[in-house]
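An overview of the molecular structure
Next come the chains, spelled out residue by residue.
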Amino acid sequence: MALLQLKTLLLLSILHGVIGGSDATSGEHSCGNTAEGTLEWDGSCSREEDSPWVTQAGNCKRGDFGGDSFVCVCSGSSCDFPGAIHHPTSRGKVTTITSSRASDRFHVAHGTASTKPAEGSRLVVVNPDFQYQKMLGFGGAFSDAAAINILSLSPETQDTLIRSYFSSDGIHYNIGRIPIGGSDFSTRTYSYDDVDGDVDLKHFALTEEDLKYKIPVIKRARAALGDDELYLLAAPWSPPAWMKTNGRFNGSGSVIPDLWKPYANYIIKFLQAYQEQGLNMWGLATQNEPLCGEKEEWAFNTCVWLAPDMRNWIVDHLGPALHENGFYSLKVLISDQIRKNLLDYTSQILESREANNYVDGFGVHWYSDSPENVGILTRTATMFPDKFLLYTEACEGFISPPDERVMLGDWTRAETYAHSIIETSNHHSSGWVDWNLALDMEGGPNWSNNFVDAPIIVDKDEDSFYKQPMFYALGHFSKFVPRDAKVVYNSLMLATKEDDLTCATYLTD
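The chain is annotated in an unreviewed UniProt entry as Glucosylceramidase from Hirondellea gigas. Of the chain, the UniProt comment under Sequence similarities (unreviewed entry) reads exactly: "Belongs to the glycosyl hydrolase 30 family."

See below:
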(Lines give C-alpha, C1' and ligand atoms only; values in the text may rest on other atoms or scores of the structure.)
Protein backbone atom coordinates (compact mmCIF):
# COMPACT_ATOMS: atom_id res chain seq x y z
CA MET A 1 0.00 0.00 0.00
CA ALA A 2 1.13 3.55 -0.67
CA LEU A 3 1.70 5.98 2.16
CA LEU A 4 -0.58 8.96 1.60
CA GLN A 5 0.64 12.28 2.94
CA LEU A 6 -1.49 14.93 1.24
CA LYS A 7 -4.42 13.00 -0.13
CA THR A 8 -7.68 11.68 1.22
CA LEU A 9 -9.21 8.26 0.64
CA LEU A 10 -12.99 8.05 0.52
CA LEU A 11 -14.95 4.85 1.07
CA LEU A 12 -18.59 4.88 0.02
CA SER A 13 -20.41 1.80 1.23
CA ILE A 14 -23.85 0.29 1.64
CA LEU A 15 -24.98 -2.44 3.99
CA HIS A 16 -28.67 -3.36 4.12
CA GLY A 17 -30.41 -0.52 5.98
CA VAL A 18 -27.36 1.76 6.13
CA ILE A 19 -25.65 3.98 3.57
CA GLY A 20 -22.45 5.70 4.57
CA GLY A 21 -19.07 7.07 3.77
CA SER A 22 -15.77 7.28 5.53
CA ASP A 23 -12.65 9.26 4.78
CA ALA A 24 -9.16 9.15 6.21
CA THR A 25 -6.02 11.20 5.79
CA SER A 26 -2.57 9.72 5.33
CA GLY A 27 -1.33 6.35 6.46
CA GLU A 28 -1.38 2.83 5.07
CA HIS A 29 -5.04 1.95 5.16
CA SER A 30 -7.41 -0.87 4.73
CA CYS A 31 -11.00 -0.35 5.77
CA GLY A 32 -13.93 -2.26 7.11
CA ASN A 33 -17.58 -2.20 8.02
CA THR A 34 -19.21 -3.59 11.14
CA ALA A 35 -22.32 -5.69 11.13
CA GLU A 36 -24.28 -2.65 12.33
CA GLY A 37 -23.16 -0.66 9.31
CA THR A 38 -20.71 1.74 10.98
CA LEU A 39 -17.96 2.49 8.50
CA GLU A 40 -14.42 2.04 9.68
CA TRP A 41 -10.80 2.32 8.63
CA ASP A 42 -8.14 -0.28 9.41
CA GLY A 43 -10.95 -2.66 10.30
CA SER A 44 -11.82 -0.84 13.52
CA CYS A 45 -12.78 2.69 14.41
CA SER A 46 -13.20 4.37 17.77
CA ARG A 47 -16.16 6.64 16.93
CA GLU A 48 -15.79 8.91 19.98
CA GLU A 49 -19.55 9.40 20.28
CA ASP A 50 -19.15 11.63 23.33
CA SER A 51 -16.54 13.79 21.67
CA PRO A 52 -17.37 17.43 20.91
CA TRP A 53 -16.38 16.61 17.32
CA VAL A 54 -19.57 14.59 16.80
CA THR A 55 -22.19 16.44 14.74
CA GLN A 56 -25.88 15.73 14.36
CA ALA A 57 -26.34 16.73 10.73
CA GLY A 58 -29.10 18.83 9.46
CA ASN A 59 -32.10 18.94 11.83
CA CYS A 60 -34.36 16.92 9.56
CA LYS A 61 -38.05 17.60 10.07
CA ARG A 62 -39.26 14.04 9.75
CA GLY A 63 -42.30 13.21 7.62
CA ASP A 64 -43.84 9.74 7.72
CA PHE A 65 -46.08 8.64 4.84
CA GLY A 66 -46.31 4.90 5.48
CA GLY A 67 -43.02 3.97 3.87
CA ASP A 68 -40.34 1.81 5.44
CA SER A 69 -38.36 4.99 6.19
CA PHE A 70 -39.13 8.71 6.22
CA VAL A 71 -38.68 11.93 4.27
CA CYS A 72 -37.25 15.22 5.43
CA VAL A 73 -39.77 18.04 5.04
CA CYS A 74 -38.43 21.38 3.78
CA SER A 75 -39.87 24.84 3.25
CA GLY A 76 -38.62 28.36 2.79
CA SER A 77 -38.03 28.71 6.53
CA SER A 78 -36.61 25.32 7.49
CA CYS A 79 -34.62 22.52 5.90
CA ASP A 80 -31.85 20.12 6.81
CA PHE A 81 -28.60 21.32 5.24
CA PRO A 82 -25.61 19.13 6.04
CA GLY A 83 -23.28 22.11 5.65
CA ALA A 84 -19.54 21.86 5.26
CA ILE A 85 -18.21 18.47 6.39
CA HIS A 86 -14.44 18.54 6.36
CA HIS A 87 -12.00 15.74 5.80
CA PRO A 88 -9.86 14.84 8.81
CA THR A 89 -6.57 16.70 8.83
CA SER A 90 -4.59 14.62 11.32
CA ARG A 91 -2.87 11.36 10.54
CA GLY A 92 -4.88 8.34 11.60
CA LYS A 93 -8.16 10.25 12.07
CA VAL A 94 -11.36 9.23 10.34
CA THR A 95 -14.74 10.82 9.71
CA THR A 96 -17.89 8.77 9.08
CA ILE A 97 -21.09 10.09 7.51
CA THR A 98 -24.07 7.77 7.85
CA SER A 99 -27.69 7.66 6.70
CA SER A 100 -29.91 4.82 7.85
CA ARG A 101 -33.37 3.47 7.29
CA ALA A 102 -34.40 4.02 10.91
CA SER A 103 -33.00 7.37 11.93
CA ASP A 104 -29.92 9.06 10.47
CA ARG A 105 -29.52 11.50 7.61
CA PHE A 106 -25.86 12.48 7.14
CA HIS A 107 -24.92 11.72 10.73
CA VAL A 108 -21.30 12.82 11.21
CA ALA A 109 -18.86 11.31 13.66
CA HIS A 110 -15.08 11.59 14.01
CA GLY A 111 -12.73 9.04 15.45
CA THR A 112 -9.35 7.40 15.45
CA ALA A 113 -8.33 4.51 13.25
CA SER A 114 -6.88 1.38 14.80
CA THR A 115 -4.69 -1.29 13.22
CA LYS A 116 -6.50 -4.39 14.47
CA PRO A 117 -9.72 -5.56 12.80
CA ALA A 118 -12.63 -5.66 15.20
CA GLU A 119 -14.44 -8.92 15.77
CA GLY A 120 -17.11 -9.46 13.15
CA SER A 121 -15.91 -6.62 10.95
CA ARG A 122 -15.90 -6.63 7.16
CA LEU A 123 -12.52 -5.76 5.75
CA VAL A 124 -12.08 -3.71 2.58
CA VAL A 125 -8.50 -3.57 1.39
CA VAL A 126 -7.73 -0.42 -0.59
CA ASN A 127 -4.67 0.03 -2.80
CA PRO A 128 -4.39 3.61 -4.12
CA ASP A 129 -1.49 2.62 -6.36
CA PHE A 130 -4.09 1.16 -8.71
CA GLN A 131 -6.00 4.16 -10.03
CA TYR A 132 -8.72 4.13 -12.64
CA GLN A 133 -11.06 6.71 -14.17
CA LYS A 134 -11.44 10.32 -13.05
CA MET A 135 -14.90 11.32 -11.89
CA LEU A 136 -16.85 13.97 -13.81
CA GLY A 137 -19.56 14.43 -11.22
CA PHE A 138 -23.16 13.80 -10.22
CA GLY A 139 -26.43 15.53 -10.93
CA GLY A 140 -29.95 15.45 -12.29
CA ALA A 141 -32.09 16.72 -15.14
CA PHE A 142 -33.61 20.16 -15.67
CA SER A 143 -36.67 18.68 -17.35
CA ASP A 144 -39.73 20.83 -18.02
CA ALA A 145 -41.50 19.00 -15.19
CA ALA A 146 -38.68 19.66 -12.74
CA ALA A 147 -38.57 23.38 -13.50
CA ILE A 148 -42.38 23.70 -13.39
CA ASN A 149 -42.48 22.00 -9.99
CA ILE A 150 -39.66 24.07 -8.54
CA LEU A 151 -41.23 27.33 -9.67
CA SER A 152 -44.64 26.31 -8.30
CA LEU A 153 -43.24 27.01 -4.82
CA SER A 154 -42.77 30.35 -3.12
CA PRO A 155 -39.50 32.14 -3.95
CA GLU A 156 -38.09 31.28 -0.53
CA THR A 157 -38.89 27.58 -0.87
CA GLN A 158 -37.53 27.57 -4.42
CA ASP A 159 -34.22 28.86 -3.10
CA THR A 160 -34.15 26.21 -0.39
CA LEU A 161 -34.70 23.44 -2.95
CA ILE A 162 -32.07 24.71 -5.37
CA ARG A 163 -29.54 25.17 -2.55
CA SER A 164 -30.30 21.66 -1.28
CA TYR A 165 -29.09 20.23 -4.57
CA PHE A 166 -26.37 22.57 -5.76
CA SER A 167 -24.78 24.54 -2.93
CA SER A 168 -21.81 23.45 -0.85
CA ASP A 169 -24.18 23.42 2.14
CA GLY A 170 -26.36 20.95 0.22
CA ILE A 171 -25.23 17.91 -1.75
CA HIS A 172 -23.25 19.84 -4.38
CA TYR A 173 -24.57 18.54 -7.69
CA ASN A 174 -22.31 19.64 -10.55
CA ILE A 175 -23.96 18.13 -13.67
CA GLY A 176 -27.32 19.13 -15.17
CA ARG A 177 -28.99 17.33 -18.08
CA ILE A 178 -31.25 19.33 -20.38
CA PRO A 179 -33.76 17.94 -22.89
CA ILE A 180 -33.56 19.67 -26.29
CA GLY A 181 -37.21 20.57 -26.76
CA GLY A 182 -39.91 18.45 -25.19
CA SER A 183 -39.73 15.06 -23.50
CA ASP A 184 -42.38 12.95 -21.87
CA PHE A 185 -41.81 15.08 -18.76
CA SER A 186 -43.39 18.05 -20.50
CA THR A 187 -47.01 19.16 -20.40
CA ARG A 188 -47.32 18.95 -24.21
CA THR A 189 -45.49 17.72 -27.29
CA TYR A 190 -43.44 20.40 -29.02
CA SER A 191 -40.14 21.28 -30.68
CA TYR A 192 -38.41 24.57 -31.41
CA ASP A 193 -39.74 24.68 -34.96
CA ASP A 194 -43.16 23.14 -35.53
CA VAL A 195 -43.73 24.79 -38.90
CA ASP A 196 -43.95 21.97 -41.44
CA GLY A 197 -41.25 22.00 -44.08
CA ASP A 198 -39.21 24.86 -42.58
CA VAL A 199 -35.88 23.34 -43.65
CA ASP A 200 -34.13 26.70 -43.27
CA LEU A 201 -35.39 26.86 -39.66
CA LYS A 202 -36.59 30.44 -40.04
CA HIS A 203 -39.18 29.85 -37.33
CA PHE A 204 -36.78 28.28 -34.83
CA ALA A 205 -37.30 29.76 -31.34
CA LEU A 206 -36.96 28.74 -27.73
CA THR A 207 -40.27 28.23 -25.97
CA GLU A 208 -41.91 29.27 -22.72
CA GLU A 209 -40.61 26.04 -21.19
CA ASP A 210 -37.07 27.31 -21.74
CA LEU A 211 -37.44 31.05 -21.17
CA LYS A 212 -39.86 30.99 -18.23
CA TYR A 213 -38.91 27.75 -16.53
CA LYS A 214 -35.72 25.86 -17.36
CA ILE A 215 -33.26 28.67 -18.05
CA PRO A 216 -34.07 30.69 -14.88
CA VAL A 217 -33.76 27.56 -12.73
CA ILE A 218 -30.48 26.54 -14.39
CA LYS A 219 -29.00 29.99 -13.78
CA ARG A 220 -29.99 29.88 -10.12
CA ALA A 221 -28.47 26.40 -9.79
CA ARG A 222 -25.25 27.65 -11.34
CA ALA A 223 -25.18 30.57 -8.91
CA ALA A 224 -25.78 28.23 -5.96
CA LEU A 225 -22.87 26.04 -7.06
CA GLY A 226 -20.51 28.99 -6.73
CA ASP A 227 -17.02 28.75 -8.16
CA ASP A 228 -17.38 25.18 -9.40
CA GLU A 229 -18.49 24.68 -12.99
CA LEU A 230 -21.94 23.26 -13.68
CA TYR A 231 -21.55 20.82 -16.56
CA LEU A 232 -24.64 21.10 -18.77
CA LEU A 233 -25.41 18.07 -20.91
CA ALA A 234 -28.05 18.44 -23.63
CA ALA A 235 -29.94 15.60 -25.32
CA PRO A 236 -32.81 15.47 -27.84
CA TRP A 237 -35.79 13.15 -27.37
CA SER A 238 -37.31 13.90 -30.76
CA PRO A 239 -36.74 16.26 -33.67
CA PRO A 240 -39.66 18.30 -35.01
CA ALA A 241 -42.37 15.83 -36.00
CA TRP A 242 -42.27 16.93 -39.65
CA MET A 243 -38.64 15.80 -39.85
CA LYS A 244 -39.56 12.21 -38.93
CA THR A 245 -40.68 9.37 -41.16
CA ASN A 246 -43.85 8.83 -39.10
CA GLY A 247 -44.68 12.53 -38.73
CA ARG A 248 -45.09 12.20 -34.93
CA PHE A 249 -43.06 12.98 -31.83
CA ASN A 250 -43.69 9.52 -30.41
CA GLY A 251 -44.46 6.06 -31.72
CA SER A 252 -41.52 5.15 -33.89
CA GLY A 253 -39.91 6.78 -36.91
CA SER A 254 -36.49 8.16 -37.70
CA VAL A 255 -35.20 11.36 -39.26
CA ILE A 256 -35.98 11.52 -42.98
CA PRO A 257 -32.55 11.13 -44.66
CA ASP A 258 -32.99 14.25 -46.79
CA LEU A 259 -33.45 16.21 -43.55
CA TRP A 260 -30.30 14.98 -41.78
CA LYS A 261 -28.53 18.28 -42.50
CA PRO A 262 -31.43 20.53 -41.38
CA TYR A 263 -31.67 18.45 -38.21
CA ALA A 264 -27.96 18.95 -37.50
CA ASN A 265 -28.56 22.68 -37.99
CA TYR A 266 -31.49 22.43 -35.57
CA ILE A 267 -29.13 21.11 -32.89
CA ILE A 268 -26.67 23.93 -33.63
CA LYS A 269 -29.43 26.51 -33.27
CA PHE A 270 -30.31 25.10 -29.85
CA LEU A 271 -26.70 25.35 -28.69
CA GLN A 272 -26.48 28.91 -29.98
CA ALA A 273 -29.81 29.93 -28.44
CA TYR A 274 -28.75 28.75 -25.00
CA GLN A 275 -25.37 30.39 -25.52
CA GLU A 276 -27.16 33.68 -26.14
CA GLN A 277 -28.93 33.15 -22.81
CA GLY A 278 -25.54 32.85 -21.10
CA LEU A 279 -25.53 29.05 -20.86
CA ASN A 280 -22.83 27.05 -22.62
CA MET A 281 -23.29 23.33 -23.01
CA TRP A 282 -20.48 21.11 -21.75
CA GLY A 283 -21.81 18.07 -23.56
CA LEU A 284 -24.26 16.84 -26.18
CA ALA A 285 -25.76 13.37 -26.32
CA THR A 286 -26.72 12.71 -29.92
CA GLN A 287 -30.06 11.03 -29.06
CA ASN A 288 -31.87 9.91 -25.95
CA GLU A 289 -32.42 6.14 -26.16
CA PRO A 290 -31.91 5.84 -29.93
CA LEU A 291 -33.37 2.32 -30.26
CA CYS A 292 -36.68 3.04 -28.52
CA GLY A 293 -39.41 2.70 -31.13
CA GLU A 294 -37.34 0.44 -33.39
CA LYS A 295 -39.42 -2.69 -32.77
CA GLU A 296 -42.55 -1.34 -31.11
CA GLU A 297 -44.60 1.81 -30.85
CA TRP A 298 -43.19 4.04 -28.11
CA ALA A 299 -45.62 5.96 -25.89
CA PHE A 300 -43.57 9.13 -25.62
CA ASN A 301 -41.02 11.26 -27.48
CA THR A 302 -38.52 9.20 -29.42
CA CYS A 303 -36.50 8.99 -32.60
CA VAL A 304 -34.91 5.80 -33.92
CA TRP A 305 -31.25 6.00 -34.88
CA LEU A 306 -29.74 2.70 -35.92
CA ALA A 307 -26.00 2.69 -35.34
CA PRO A 308 -24.97 2.92 -39.04
CA ASP A 309 -27.30 5.88 -39.56
CA MET A 310 -26.04 7.60 -36.43
CA ARG A 311 -22.46 7.06 -37.58
CA ASN A 312 -23.15 8.57 -41.00
CA TRP A 313 -25.11 11.51 -39.58
CA ILE A 314 -22.25 12.35 -37.19
CA VAL A 315 -19.61 12.07 -39.92
CA ASP A 316 -21.47 13.88 -42.68
CA HIS A 317 -23.52 16.47 -40.81
CA LEU A 318 -23.43 16.86 -37.04
CA GLY A 319 -19.67 16.69 -36.51
CA PRO A 320 -18.80 19.15 -39.29
CA ALA A 321 -21.61 21.51 -38.19
CA LEU A 322 -20.30 21.56 -34.62
CA HIS A 323 -16.79 22.43 -35.78
CA GLU A 324 -17.93 24.97 -38.38
CA ASN A 325 -19.85 26.80 -35.66
CA GLY A 326 -17.05 26.83 -33.09
CA PHE A 327 -18.21 24.05 -30.76
CA TYR A 328 -14.81 22.35 -30.75
CA SER A 329 -14.70 21.71 -27.01
CA LEU A 330 -18.23 20.33 -26.71
CA LYS A 331 -18.18 16.74 -25.44
CA VAL A 332 -20.15 14.50 -27.81
CA LEU A 333 -21.73 11.39 -26.27
CA ILE A 334 -23.25 8.52 -28.19
CA SER A 335 -25.47 5.62 -27.16
CA ASP A 336 -27.29 7.26 -24.17
CA GLN A 337 -29.33 4.11 -23.65
CA ILE A 338 -29.44 0.86 -21.66
CA ARG A 339 -26.09 -0.79 -21.18
CA LYS A 340 -26.91 -4.14 -22.76
CA ASN A 341 -26.84 -2.31 -26.13
CA LEU A 342 -23.74 -0.25 -25.31
CA LEU A 343 -20.87 -2.20 -26.80
CA ASP A 344 -22.59 -3.27 -30.02
CA TYR A 345 -23.98 0.21 -30.71
CA THR A 346 -20.79 2.13 -30.02
CA SER A 347 -18.59 -0.34 -31.90
CA GLN A 348 -20.59 0.10 -35.08
CA ILE A 349 -20.24 3.87 -34.87
CA LEU A 350 -16.59 4.06 -33.87
CA GLU A 351 -15.42 1.66 -36.55
CA SER A 352 -15.35 4.87 -38.59
CA ARG A 353 -12.20 6.89 -37.89
CA GLU A 354 -14.05 10.10 -38.72
CA ALA A 355 -16.84 9.33 -36.24
CA ASN A 356 -14.29 8.31 -33.63
CA ASN A 357 -12.65 11.72 -33.92
CA TYR A 358 -15.92 13.50 -33.12
CA VAL A 359 -17.01 11.30 -30.17
CA ASP A 360 -15.76 11.83 -26.60
CA GLY A 361 -17.80 9.46 -24.51
CA PHE A 362 -20.79 7.18 -23.99
CA GLY A 363 -24.01 7.81 -22.12
CA VAL A 364 -25.63 4.91 -20.28
CA HIS A 365 -29.11 4.47 -18.76
CA TRP A 366 -29.70 2.11 -15.87
CA TYR A 367 -33.05 0.58 -16.81
CA SER A 368 -31.94 -2.94 -17.74
CA ASP A 369 -28.89 -3.17 -15.49
CA SER A 370 -28.20 -6.58 -14.01
CA PRO A 371 -25.21 -8.49 -12.62
CA GLU A 372 -25.14 -10.44 -15.87
CA ASN A 373 -24.48 -7.40 -18.07
CA VAL A 374 -22.26 -5.23 -15.87
CA GLY A 375 -19.17 -6.59 -17.65
CA ILE A 376 -20.26 -4.71 -20.77
CA LEU A 377 -19.04 -1.51 -19.10
CA THR A 378 -15.55 -2.89 -18.58
CA ARG A 379 -15.37 -4.37 -22.06
CA THR A 380 -16.44 -1.07 -23.60
CA ALA A 381 -13.95 0.92 -21.53
CA THR A 382 -11.19 -1.51 -22.46
CA MET A 383 -12.01 -1.35 -26.16
CA PHE A 384 -12.20 2.47 -26.19
CA PRO A 385 -9.80 3.70 -23.49
CA ASP A 386 -9.81 7.26 -24.83
CA LYS A 387 -13.58 7.63 -24.23
CA PHE A 388 -15.40 8.17 -20.94
CA LEU A 389 -18.51 6.41 -19.64
CA LEU A 390 -21.19 8.46 -17.89
CA TYR A 391 -24.47 7.26 -16.43
CA THR A 392 -26.93 9.85 -17.72
CA GLU A 393 -30.38 8.70 -16.56
CA ALA A 394 -32.01 6.72 -13.77
CA CYS A 395 -35.27 6.78 -11.89
CA GLU A 396 -37.43 4.57 -9.72
CA GLY A 397 -41.13 3.74 -10.07
CA PHE A 398 -41.23 3.49 -13.87
CA ILE A 399 -42.66 -0.05 -13.85
CA SER A 400 -44.54 0.19 -10.54
CA PRO A 401 -48.33 0.09 -10.17
CA PRO A 402 -49.96 3.51 -10.57
CA ASP A 403 -50.31 4.07 -6.82
CA GLU A 404 -46.63 3.23 -6.24
CA ARG A 405 -44.96 5.42 -8.87
CA VAL A 406 -44.09 7.83 -6.05
CA MET A 407 -43.32 6.16 -2.72
CA LEU A 408 -42.60 8.71 -0.04
CA GLY A 409 -39.98 7.51 2.43
CA ASP A 410 -39.03 4.33 0.57
CA TRP A 411 -35.59 3.15 1.69
CA THR A 412 -35.23 0.31 -0.81
CA ARG A 413 -35.15 2.79 -3.67
CA ALA A 414 -32.33 4.65 -1.94
CA GLU A 415 -30.32 1.45 -1.62
CA THR A 416 -30.92 0.65 -5.29
CA TYR A 417 -29.50 4.06 -6.24
CA ALA A 418 -26.45 3.58 -4.02
CA HIS A 419 -25.82 0.06 -5.32
CA SER A 420 -25.92 1.35 -8.89
CA ILE A 421 -23.48 4.19 -8.24
CA ILE A 422 -21.06 1.85 -6.46
CA GLU A 423 -21.30 -0.85 -9.12
CA THR A 424 -20.89 1.52 -12.04
CA SER A 425 -18.01 3.41 -10.39
CA ASN A 426 -16.26 0.07 -10.00
CA HIS A 427 -16.80 -0.58 -13.73
CA HIS A 428 -15.42 2.64 -15.22
CA SER A 429 -18.35 5.06 -15.07
CA SER A 430 -17.16 8.63 -14.47
CA GLY A 431 -20.36 9.84 -12.87
CA TRP A 432 -24.06 9.32 -12.34
CA VAL A 433 -26.90 11.63 -13.39
CA ASP A 434 -30.42 11.15 -12.09
CA TRP A 435 -33.56 11.90 -14.11
CA ASN A 436 -35.94 14.67 -12.90
CA LEU A 437 -34.66 16.93 -10.15
CA ALA A 438 -38.16 17.37 -8.72
CA LEU A 439 -41.62 15.96 -9.45
CA ASP A 440 -45.08 16.51 -8.02
CA MET A 441 -46.98 14.20 -5.69
CA GLU A 442 -48.18 12.11 -8.64
CA GLY A 443 -44.73 11.83 -10.21
CA GLY A 444 -45.25 14.36 -13.01
CA PRO A 445 -46.32 16.34 -14.87
CA ASN A 446 -45.93 14.00 -17.81
CA TRP A 447 -47.99 14.36 -20.98
CA SER A 448 -47.96 10.60 -21.63
CA ASN A 449 -48.75 9.64 -18.00
CA ASN A 450 -45.34 8.02 -17.59
CA PHE A 451 -45.13 9.00 -13.91
CA VAL A 452 -42.05 8.09 -11.86
CA ASP A 453 -40.38 8.86 -8.54
CA ALA A 454 -37.72 11.50 -7.81
CA PRO A 455 -35.30 12.35 -4.99
CA ILE A 456 -37.34 15.49 -4.27
CA ILE A 457 -41.14 15.51 -4.39
CA VAL A 458 -42.88 18.91 -4.41
CA ASP A 459 -46.10 19.53 -2.47
CA LYS A 460 -47.09 22.92 -3.84
CA ASP A 461 -50.30 23.06 -1.78
CA GLU A 462 -48.19 23.04 1.38
CA ASP A 463 -45.39 25.15 -0.16
CA SER A 464 -43.06 22.35 0.87
CA PHE A 465 -40.92 19.65 -0.65
CA TYR A 466 -39.91 16.22 0.58
CA LYS A 467 -36.35 14.93 0.46
CA GLN A 468 -36.65 11.24 -0.24
CA PRO A 469 -34.12 8.65 0.99
CA MET A 470 -32.89 8.64 -2.63
CA PHE A 471 -31.77 12.25 -2.16
CA TYR A 472 -29.44 11.24 0.65
CA ALA A 473 -28.18 8.17 -1.21
CA LEU A 474 -27.11 10.40 -4.08
CA GLY A 475 -25.74 12.99 -1.68
CA HIS A 476 -23.33 10.52 -0.10
CA PHE A 477 -21.55 10.53 -3.45
CA SER A 478 -22.18 13.97 -4.95
CA LYS A 479 -21.19 15.85 -1.81
CA PHE A 480 -18.02 13.93 -1.00
CA VAL A 481 -16.63 12.72 -4.33
CA PRO A 482 -15.34 15.84 -6.11
CA ARG A 483 -14.76 16.22 -9.79
CA ASP A 484 -11.40 14.69 -10.81
CA ALA A 485 -11.34 12.28 -7.87
CA LYS A 486 -9.98 8.92 -9.02
CA VAL A 487 -11.53 5.54 -8.44
CA VAL A 488 -8.97 3.26 -6.79
CA TYR A 489 -8.72 -0.48 -6.25
CA ASN A 490 -10.60 -2.13 -3.39
CA SER A 491 -11.17 -5.73 -2.43
CA LEU A 492 -13.81 -6.93 0.00
CA MET A 493 -12.62 -9.51 2.55
CA LEU A 494 -14.02 -11.24 5.62
CA ALA A 495 -17.54 -10.96 4.29
CA THR A 496 -20.10 -13.39 2.95
CA LYS A 497 -22.57 -13.01 0.12
CA GLU A 498 -25.33 -12.74 2.71
CA ASP A 499 -23.80 -9.50 4.02
CA ASP A 500 -24.87 -7.62 0.89
CA LEU A 501 -22.02 -5.18 1.49
CA THR A 502 -20.74 -3.21 -1.48
CA CYS A 503 -18.32 -0.33 -1.63
CA ALA A 504 -16.41 2.00 -3.92
CA THR A 505 -13.22 3.88 -3.07
CA TYR A 506 -12.01 7.21 -4.41
CA LEU A 507 -8.79 9.19 -4.09
CA THR A 508 -8.98 12.97 -3.81
CA ASP A 509 -6.37 15.69 -3.53
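On we go.
On a plain count of helices and strands, the chain comes out with 10 helices and 23 strands. Within the chain, the proportion of its 509 residues that are buried is 63%. In the chain, 76% of the contacts between residues at least 6 apart in sequence involve partners at least 24 apart. Approximately 19,300 Å² of the chain is accessible, and the part contributed by carbon and sulfur atoms is 48%.

Quick look at the sheet that holds strand β16 (residues 361-365) now. Strand order in the closed barrel formed by 8 strands is β11-β12-β13-β14-β15-β16-β17-β18, with parallel pairing between adjacent strands. Within this sheet the neighbouring strands show an average axis-to-axis angle of 25°, counted without direction. As paired elements, strand β17 (residues 388-393) and strand β18 (residues 429-436) share 2 bridges and run parallel to each other. Each residue of the ladder has a partner; that of L389, found in β18, is S429.

Counted according to the given criterion, the structure contains 16 salt bridges. D210 is the partner of K214 in a salt bridge, and the nearest nitrogen-oxygen pair spans 3.6 Å. Placement of the pair is K214 and D210 together in helix α3 (residues 208-225), with a separation of 4 residues, close to one helical turn. Here D210 falls in the buried class, since its relative accessible area comes to 0%. A salt bridge links R339 to E423; the shortest N-O distance between them is 3.3 Å. On the criterion of sequence distance, the pair formed by R339 in the loop between β15 (331-338) and α6 (342-350) and E423 in helix α9 (residues 411-425) is long-range, its members being 84 residues apart. The exposure class assigned to E423 is partly exposed, which follows from its relative accessible area of 24%.

To continue, consider the environment of I376. Along the chain, I376 falls in helix α8 (residues 375-383). Separated by 34 residues in the primary sequence, I376 and L342 have C-alpha atoms spaced 7.3 Å apart. Each residue touching I376, except ones within four places of it in the same chain, is listed here: R339, K340, L342 and L343.

On to the nonpolar core. Most often, soluble globular proteins have nonpolar side chains that are buried together. F142, F270 and Y506 are the most contacted members of the largest nonpolar core, which has 140 residues in total. Among residues more than four places away in sequence, those in contact with F270 are I178, I180, Y192, F204, A234 and M281. V124, V126, V488 and C503 belong to the second-largest nonpolar core, a separate cluster that totals 6 residues.

Before going further, it helps to examine the packing of helix α1 (residues 144-151) against α3. Where α1 contacts α3, the two axes come as close as 9 Å, and the packing angle between them is 75°. Between α1 and α3, the interaxial angle falls into the category roughly perpendicular. Along its contact with α1, which presents D144, A147, I148, I150 and L151, the element α3 presents E209, K212, Y213, K214, V217 and R220. Split by residue class, the contact of α1 with α3 holds 6 nonpolar, no polar and 5 charged.

One pass over the structure, following the stated rule, counts 2 disulfides. The disulfide bridge from C60 ends at C72, spanning 2.0 Å between sulfur atoms. The sign of the S-S torsion, about -110°, decides the handedness of the disulfide formed by C60 and C72: left-handed. Here C60 is found in the loop between β5 (45-46) and β6 (62-63), whereas its partner C72 is found in strand β7 (residues 71-74), with 12 residues between them in sequence. A relative accessible area of 26% places C60 in the partly exposed class. Residue pairing for C74: its cysteine sulfur links by disulfide to C79, the two sulfurs lying 2.1 Å apart.

This part takes up the pairing of β7. Both faces of β7 are covered, namely the face carrying V71 and V73 and the face carrying C72 and C74. Looking at chain direction, β6 and β7 are connected through 2 bridges and run antiparallel. Paired with G63 across the strands is V71, a residue of β7. With 3 bridges joining them, β7 and strand β21 (residues 464-467) adopt antiparallel strand pairing. In the sheet register, C72 faces β21, and the bridge partner there is K467.

Looking at the secondary structure, you find D336 in strand β15. Within polar-contact distance, the side chain of D336 engages the side chain of R177 at 3.2 Å. Among all residues touching D336, those that are not within four sequence positions of it are R177, A235, A285, Q287, N288, E289, P290, G363, V364, H365 and T392.

To continue, consider empty space enclosed by the protein. Enumeration according to the criterion identifies 1 cavity of 30 Å³ or more in this entry. L10, L11, L12, G21, S22, D23, I97, H476 and F480 are the residues that line the largest cavity. Taken together, the elements giving at least two residues each to the lining of the largest cavity come down to β1 (4-15) and β2 (18-27). Considering only residue class, the lining of the largest cavity consists of 5 nonpolar, 3 polar and 1 charged.

The rules we used
- Residues numbered from 1 in each chain as written.
- Predicted model: local features only at pLDDT ≥ 70, side-chain atom pairs only at ≥ 80, totals over all residues.
- Heavy atoms only, no water.
- UniProt positions renumbered as here; feature names shortened; annotations may be inferred.
- Helix = DSSP H or I, 4+ residues; strand = E, 2+ residues; numbered from the N terminus.
- Buried < 20%, exposed > 50% of the residue type's maximum accessible area, 1.4 Å probe, protein only.
- Contact = heavy atoms within 4.5 Å.
- Areas by Shrake-Rupley, 256 points an atom, 1.4 Å probe, with all protein chains shown as cover.
- Pairing = 2+ DSSP bridges.
- Axes fitted to C-alpha atoms, helices over the stretch in contact; angles between N-to-C directions.
- Salt bridge = Lys/Arg side-chain N within 4 Å of Asp/Glu carboxyl O.
- Core = buried A, V, L, I, M, F, W, Y, C linked by side-chain atoms within 4.5 Å.
- Parallel < 35°, antiparallel > 145°, perpendicular 65-115°, else oblique.
- Nonpolar A, V, L, I, M, F, W, Y, C, P; charged D, E, K, R; others polar.
- Disulfide = S-S within 2.5 Å.
- Polar contact = N/O pair within 3.5 Å; in protein donor to acceptor, adjacent residues only side chain to side chain.
- 1 Å grid on protein atoms, 1.4 Å probe; cavity = no way out; pocket = protein on both sides within 12 Å on 5 of 7 lines; lining within 4 Å.
- Points joined across faces, edges and corners; volume = space filled by probe spheres on them.

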